[in-house]
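So the chains spell out like this:
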Amino acid sequence: AIMKKSNDFVILGFLHLSKLPGQMPVAYLQGLGRPDLVAKLNLLELPIYMACLYYGVKHFGILGAAGAWLVRVAIDTSILNALVYRYLLLSRPTK
């Protein structure tokens, strides 16, 4: 039982670290004065995440919750990086 609990904590620790790549685009968009984009993205992700979380926990327990979180973080980071790339292209000086 103790080994199972320690494995769960390792999984949760890894999930906490998986959010780190998405923090830089969040800070950049907020620095541009566009925190609304991050908020709107989070609101769009919420129903999808909740459905995945419900299914994952019901069928796989903590590993299902971990999978739902990883999917959410991967989608979140990808979209945030795409938004930053778009703003970087728009902010380039023209000759």
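Residues numbered from 1 in each chain as written. Predicted model: local features only at pLDDT ≥ 70, side-chain atom pairs only at ≥ 80, totals over all residues. Heavy atoms only, no water.

What should I look at first to understand the overall build of the protein chain in this one?
Of the regular secondary structure elements, the protein chain holds 4 helices and 0 strands. Listed by position from the N terminus, the elements making up the protein chain come as α-α-α-α. Nonlocal contacts in the protein chain, meaning residues at least 24 apart in sequence, comprise 75% of its contacts between residues at least 6 apart. Of the accessible surface of the protein chain, which amounts to about 6900 Å², a share of 74% is contributed by carbon and sulfur atoms. (Helix = DSSP H or I, 4+ residues; strand = E, 2+ residues; numbered from the N terminus. Contact = heavy atoms within 4.5 Å. Areas by Shrake-Rupley, 256 points an atom, 1.4 Å probe, with all protein chains shown as cover.)

What's the story with the environment of I79 in this structure? I'm lost.
Counting through the fold element by element, I79 comes out in helix α4 (residues 62-90). Measuring from C-alpha to C-alpha, the distance between I79 and G22 comes to 9.4 Å, with 57 residues separating the pair along the chain.

Help me understand the pattern of salt bridges in this model?
Where charged atoms from two side chains of opposite charge approach closely, those side chains can pair. Throughout the structure, instances matching the rule amount to 4 salt bridges. Here E45 makes a salt bridge to R72, at a shortest N to O gap of 3.1 Å. Taken together, the residues span a long stretch of sequence, with E45 in helix α3 (residues 35-60) and R72 in helix α4 at a distance of 27 residues. The residues E45 and R72 share a single accessibility class, namely buried. Connected through shared salt-bridge partners, R34, D36 and K40 make up one network. (Salt bridge = Lys/Arg side-chain N within 4 Å of Asp/Glu carboxyl O. Buried < 20%, exposed > 50% of the residue type's maximum accessible area, 1.4 Å probe, protein only.)

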